[in-house]
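# Observations on chain architecture
Each chain, written out:
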Amino acid sequence: MKRFLFVLITVLSLELCGTNSHVAAEEGSAGQSGIQRPKEARSAPDILLKDIEGNLTGSGSYQGKVVLVHFWATWCGPCKDELPTINALWERFRGREFTIIAIAEDSKKAVEPYIKEHGLKFPVVIDQYGKAFRSYGVRALPTSYIVDKRGKIEGIAIGQRDWIASETLKLIERLLKE
């Protein structure tokens, strides 16, 4: 029942919010790629979760990097469809001041084989009980936040998208230069 309600809320949120809202026209800006700028500047919430190997990882260890904080689940169809482009984004910016924290709303038992089956290369942490989801106020899947090097949320993306679209790549390049 919980998953049904979550899926229902996700679908309604996508219909009401739209997945391609444009809020800015500057080249390399959040809005041009369908990624919305937050209404007011705020820092990304601190989170502390375990990765697949059981190691604690927190957002504080990513200071000085551009971070894609990506909320997803193994049962989410749009999440599954966009994961290849997140993998490609990871490969493109790997080794630079960029990282991904993919936060799965599932158990380790569900996520671990899913990662292997789909060949995911980026870091995944488990949030089975929704602590990070609540901290960020996630109400639909997939939802992603782009966080700049100072830990400020630069953009919010609700719904599936192509993470290697030119506008998104320009946005990340701009944030890496700042």
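Everything here concerns the structure above.
Below, the structure is looked at part by part. Numbering of residues starts from 1 in each chain and follows the order in which that chain's sequence is written. Per-residue local features of the predicted model are confined to residues with pLDDT of at least 70, and side-chain atom pairs are confined, for both listing and counting, to 80 or more; whole-chain, interface and lining totals are unaffected and use all residues. For side-chain calculations, the full set of non-hydrogen atoms in the structure is used, while hydrogens and water are omitted.

### With respect to the side chain of D51
Numbered from the N terminus, helices here are DSSP runs of H or I no shorter than four residues, and strands are runs of E no shorter than two. For D51, the position within the fold is in strand β1 (residues 48-51). Note on classification: 1.4 Å probe, protein chains only; a residue is buried when its accessible area is under 20% of the maximum for its type, exposed when over 50%, partly exposed between these limits. Here the positive residues are Lys and Arg and the negative ones are Asp and Glu; neither His nor the chain ends is included. For this document, the term salt bridge refers to a Lys or Arg side-chain nitrogen within 4 Å of an Asp or Glu carboxyl oxygen. Of the side chains with opposite charge, K108 lies nearest to the buried D51, which makes no salt bridge, at 7.4 Å. Non-local contacts of D51, meaning those with residues more than four positions away in its chain, are made with V124 and V125. Contacts were defined at the residue level, with two residues in contact if any of their heavy atoms lie within 4.5 Å.

### Points about the nonpolar core
Residue types Ala, Val, Leu, Ile, Met, Phe, Trp, Tyr and Cys, when buried and joined through side-chain atoms within 4.5 Å, form a set referred to as a nonpolar core. Counting 51 residues, the largest nonpolar core has F71, W72, F98, I103, F122, V124 and Y136 as the members making the most contacts within it. When neighbours within four sequence positions are excluded, I103 is seen to be in contact with I47, L49, V69, H70, F71, W72, V125, D127, A132 and F133.

### Overview of the packing of aromatic side chains
Stacked, edge-to-face and tilted labels apply to pairs of Phe, Tyr and Trp rings (six-membered ring for Trp) whose centres lie within 6.5 Å, assigned for plane angles under 30 degrees, over 60, and everything in between, in that order. If you walk through the whole model with that rule in mind, you get six aromatic pairs. When the centroid spacing of 5.4 Å and the interplanar angle of 50 degrees are considered together, the rings of F93 and F98 count as tilted. Under the relative-accessibility criterion, F93 is labelled buried at 0%. Each ring, one from Y136 and one from Y145, has its centre 4.8 Å from the other, and the planes form 50 degrees; the classification is tilted. When its relative accessible area of 5% is taken as the criterion, Y136 is described as buried. Of the residues examined, Y145 reaches a relative accessible area of 4% and is grouped as buried.

### Digging into the state of the cysteines
Any two cysteine sulfur atoms within 2.5 Å of one another count as a disulfide. Applying the stated rule across the entire model yields one disulfide. The disulfide bridge from C76 ends at C79, spanning 2.4 Å between sulfur atoms. In this structure the cystine formed by C76 and C79 twists about its S-S bond by roughly 75 degrees; its chirality is therefore right-handed.

### Points about helix α2 (residues 77-93)
Helix span, as expected, comes to 1.5 Å for every residue beyond the first. Counted at 1.5 Å a residue, the expected span for α2 with its 17 residues is 24 Å, and the 25 Å between its end C-alpha atoms agrees. The term bend refers to the angle at a residue between two fitted axes, each drawn through seven residues, those ending there and those starting there. Of all the bends in α2, the greatest reaches close to 35 degrees and is centred on L83; the proline P84 follows between one and four positions later. Turning to α2, its buried residues number three or more, namely C79, E82, L83, T85, I86, N87, L89, W90 and F93. Next to the buried residues of α2 lie β3 (66-72), β4 (98-104), α3 (108-118) and α5 (166-177).

### Overview of the environment of I172
Structurally, I172 is set in helix α5. With relative accessibility at 1%, the residue I172 sits in the buried group. For the pair I172 and L68, spaced 104 residues apart in the sequence, the C-alpha separation amounts to 9.4 Å. Those residues in contact with I172, other than ones at most four positions away along the chain, are L89, F93 and F98.

### Here's the deal with unusual backbone geometry
The linkage connecting L141 with the following residue, P142, adopts the cis geometry, with an omega of -10 degrees. Inspection of the secondary structure assignment puts P142 in the loop between α4 (131-136) and β6 (143-147).

### What to know about α5
Over its twelve residues, α5 extends 17 Å from the first C-alpha to the last, a length consistent with the 16 Å expected when each residue adds 1.5 Å. Those residues of α5 hidden inside the fold are in contact with β3, α2, β4, β6 and β7 (153-158).

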